[in-house]
There are 2 protein chains.
Amino acid sequence: MQSVERLVLLGTGLISGSFALALKRARLVKQVVGVGRSIENLTRALELGVVDAYLTDAAAAVRGADLVLLGTPVGQMGRLMQQIAPHLSPNCVVTDGGSTKQDVCALFREHLPQQLASCVPGHPIAGSDLSGASAAQFGLYEGRRVVLTPLSENNVEAIERVRQLWQACGATVYEMSAEQHDGIFSAVSHAPHLLSFAYMNSVLDRYNAKQCLDFAASGFRDFTRIAGSHPDMWRDIALANRSAVLSDLKANIAQLNHLVQLIEQDQALALTEYIQRASQARIEWGQPKKE
Amino acid sequence: MQSVERLVLLGTGLISGSFALALKRARLVKQVVGVGRSIENLTRALELGVVDAYLTDAAAAVRGADLVLLGTPVGQMGRLMQQIAPHLSPNCVVTDGGSTKQDVCALFREHLPQQLASCVPGHPIAGSDLSGASAAQFGLYEGRRVVLTPLSENNVEAIERVRQLWQACGATVYEMSAEQHDGIFSAVSHAPHLLSFAYMNSVLDRYNAKQCLDFAASGFRDFTRIAGSHPDMWRDIALANRSAVLSDLKANIAQLNHLVQLIEQDQALALTEYIQRASQARIEWGQPKKE
């Protein structure tokens, strides 16, 4: 496979940094340039060998690049696309690591109309409550999934290029429509994050919140792990994937109203069946971790 | 400390079995008798050395016992107390491992009125999605918390006896009222379990449930771990701690309605603050696990 000559990371964090490290290990990239707003984070990325150089100016960075990865929260991507639009080489492949895809497709169409043949939206499924360049790791994508949601304007070579690079990182690559993607990931990722934030805030609202937190144990720990996630990123996701997310939150409210009714009416049998359905499906999905 | 002569486990599972194993290791128990409904589970308990003998008749088992631990789901405890009531030695200490305490206090008062001086309600905080005697382990209670919610009728010696035995298992023992206990554990354990069941069922209700589960990753895994818990046990808890649980579920519905509103109205700043509050509190509570 042909190496990437100059890979530019717009946003140098866990997702983009781990992509760069994996390509470096596979000897599939010659130069990695990091762009970001925090000099501290960029310096750390340089020290750790995640990038070979850094710049704070996205426009200057993408000159001569043959691959650009947008690795920021989705809310920052439009502005970055605007900045880089006049400076991209015609054959430069642009991809992203955003958790929502319909909005990224729309941003590509709005800001990079001349580049659409080689703008391939993507979503590596390797989220974490960790962030920043210091969280980047070589093996993050090994055995993970990456979803590409190609634009109808994409040329086949650009899609293949992005697919092969992710495969070289150890990931399995899937293709689907952006709409399908956003529905699935609202269900299994965006909604649970929002539910976990809401639950955490409901505990904080209690008069005895501190005492409650003192007695919280392993169930609480796992249920709320994702409540520690990055606020800006998750605000962007909630707003970007609004329609799917709202539909899932409302479905959850309906579930909770039903559950309240079962408990209020002391419907022991129906309540058992309700819990059994969830429990059985969760056990079938995967072995629970041993404490 | 004086050894237990005959410890009877009414219900021989993770909680009671681990208590027995820890006391055996500390050489603080001479004989452990397991009682249960599943001969397969009791046989396994005997093979694993969790018990020294087993019986299926609770009444016969408690004769001559100086310590009885009720280790079944709370829903089965009333019937067991009825069965053993005529056969308990006057000085036998009775305790339990139930996750709700107001109902257990009421059951003690209803079924063991002559024994109340030595019936000490307790809750070892070491839940797991695992269950059964084969899940029992020596070290389960090391560094864990046990909450006792003594009855006003208890004599000090009985409370001290139970406290010291749990301490010998490696646990730190707290005392509070049963009402206080049930409020706290609804908040940090019962409500999250029910929220996780409800979320899981909302995913199963989707037309593309299977595909969603295929793409679910680590956030989903941790958020739903407790959804794999035991249906009978959690039905009992939901019904036993009804008032606290309903209040918490309704508080969560209110949180979700508020969140829906923030997203519908595109209130980016308020949404960021909402998420920040949850995220910061979760990070302060404990370091998130690294993937």
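Treat the numbers as computed from the prediction; the structure is a model and nothing was measured.

Parameters at a glance
Starting from 1, residues in each chain are numbered consecutively following that chain's sequence as written. Both sets of labels track the order of writing: A upward for chains, 1 upward for ligands. In keeping with the model being predicted, local features are shown solely for residues with a pLDDT of at least 70 and side-chain atom pairs are shown and tallied solely at 80 or more, while totals for entire chains, interfaces and linings include all residues. With hydrogens and water stripped out, all remaining heavy atoms of the structure feed into the side-chain values. Strand pairing is assigned whenever DSSP detects at least two bridges linking the two strands. The helix count covers DSSP runs of H or I at least four residues long, the strand count covers runs of E at least two residues long, and both are numbered beginning at the N terminus. To obtain each axis, a line is fitted to C-alpha atoms, and for helices this fit is confined to the stretch in contact; angles are then taken between N-to-C directions over 0 to 180 degrees. Helix span, expected: 1.5 Å multiplied by one less than the number of residues in the helix. Here the bend at a residue is taken as the angle between two axes, fitted respectively to the seven residues that end there and the seven that start there. Exposure classes here rest on a 1.4 Å probe applied to the protein chains alone. A residue is buried below 20% of its type maximum, exposed above 50%, and partly exposed in between. Consider the strands pointing away from the viewer: the crossover is right-handed when the path from the first strand over the helix to the second runs clockwise. What fixes the domain bounds is an automatic or database domain assignment. Residue contacts are counted whenever heavy atoms from the two residues lie within 4.5 Å of one another. When two parts are put together, the accessible area they lose, computed with a 1.4 Å probe and summed over both, is reported as buried area. Salt bridges are identified by distance alone: a Lys or Arg side-chain nitrogen within 4 Å of an Asp or Glu carboxyl oxygen. Any N or O atom pair separated by 3.5 Å or less is treated as a polar contact, with the protein-specific requirement of one donor-capable and one acceptor-capable atom, and with residues adjacent in sequence counted only for side-chain atom pairs. Charged residues are taken to be Asp, Glu, Lys and Arg, nonpolar residues to be Ala, Val, Leu, Ile, Met, Phe, Trp, Tyr, Cys and Pro, and polar residues to be all remaining types, Gly included. Alignment of the copies relies on least squares applied to C-alpha atoms, considering only residues that score at least 70 for pLDDT in both.

For the rest of this paragraph, the subject is the sheet that holds strand E9 (residues 172–175) of chain A. Residues and elements named next belong to chain A. Spatial ordering of the open sheet is given by E7-E8-E9, a layout of 3 strands whose pairing is mixed. Each edge of the open sheet carries a strand with a single partner, namely strand E7 (122–125) and E9. Pairs of neighbouring strands in the sheet enclose a mean axial angle of 20°, with direction left out of account. Bridge analysis of E7 against strand E8 (residues 145–148) gives 4 bridges, and the strand direction is antiparallel. From the neighbouring strand, His 123 faces E8, where its bridge partner is Val 147.

This part covers helix H7 (residues 178–204) of chain B. Residue and element names in this part refer to chain B. Relative to the 39 Å expected for 27 residues at 1.5 Å per residue, H7 spans 36 Å between its end C-alpha atoms, a close match to the ideal helical length. Ser 186 marks where H7 bends most, by close to 55°. Burial of H7 is extensive: 25 of the 27 residues sit out of reach of the surface.

Attention now goes to the pairing of strand E2 (residues 29–35) of chain A. Residues and elements named next belong to chain A. Taken across its 7 residues, E2 has 5 buried, putting it largely inside the fold. One crossover worth recording links strand E1 (residues 4–10) to the parallel E2 by way of helix H1 (residues 14–25), and it is right-handed. Where E2 lies against strand E3 (residues 53–55), 3 bridges are found, and the strand directions are parallel. In the strand pairing of E3, Val 33 is matched with Ala 53. Between the parallel pair E2 and E3, the chain is carried across by helix H2 (residues 39–47), and the sense of this crossover is right-handed.

A separate point is the domain arrangement of chain A. Much of the literature gives interface size as the accessible area that the parts lose upon coming together. Residues and elements named next belong to chain A. Entries for chain A in the domain assignment read domain 1 (4–176) and domain 2 (180–285). Relative placement of domain 1 and domain 2: their C-alpha centres are 31 Å apart. Taken together, the contacts link 16 residues of domain 1 with 15 residues of domain 2. Both sides together, the interface formed by domain 1 and domain 2 hides about 1200 Å², and carbon and sulfur atoms give 63% of it. Counting the contacts that link domain 1 with domain 2 gives 0 salt bridges. On inspection of domain 1 and its partner domain 2, the count reaches 5 residue pairs in polar contact (both at pLDDT 80 or more). For the side of domain 1 that touches domain 2, the elements supplying multiple residues, two or more each, are helix H5 (102–111) and E7. Looking at side-chain class alone, the side of domain 1 that touches domain 2 contains 5 nonpolar, 8 polar and 3 charged residues.

Right, let's talk about the pattern of salt bridges for a bit. Considering all chains together, one arrives at 34 salt bridges over all chains under this definition. When the shortest N-O distance is used, the salt bridge between B:Asp222 and A:Arg225 registers 2.4 Å. Of the two residues, B:Asp222 is situated in helix H9 (residues 218–223) and A:Arg225 in the loop between helix H9 (218–223) and helix H10 (231–240); the pairing between them involves two chains. For B:Arg235, the salt bridge goes to B:Asp236, with nearest N and O atoms at 3.0 Å. We note that B:Arg235, like B:Asp236, is buried. Among the ionic contacts, a cluster of salt bridges with common partners joins A:Glu160, A:Arg163 and A:Glu175.

Residues and elements named next belong to chain B. Pairing is mixed in the open sheet, where 3 strands are placed in the order E7-E8-E9. Only two strands of the sheet have a single partner each, and these edge strands are strand E7 (122–125) and strand E9 (172–175). Ignoring which end each strand starts from, the neighbouring axes of this sheet average 20° apart.

Before going further, it helps to examine the environment of B:Leu112. Residues and elements named next belong to chain B. Following the sequence through the fold, Leu 112 ends up in the loop between helix H5 (102–111) and strand E6 (119–120). We classify Leu 112 as buried; its relative accessible area is 3%. For the pair Leu 112 and Gly 78, spaced 34 residues apart in the sequence, the C-alpha separation amounts to 9.6 Å.

Turning next to the relation of the copies chain B and chain A. Of the two same-sequence chains, chain B is brought onto chain A (RMSD 0.0 Å, axial shift 0.0 Å) by a rotation of 180°. On this basis, the relationship between the two copies can be described by a two-fold rotation axis. In terms of C-alpha distance to the rotation axis, chain B has B:Phe223 as its closest residue, with the C-alpha 2.1 Å off the axis. Take the interface residues of chain B: 99% of them recur as interface residues in chain A, which is what a same-surface contact looks like.

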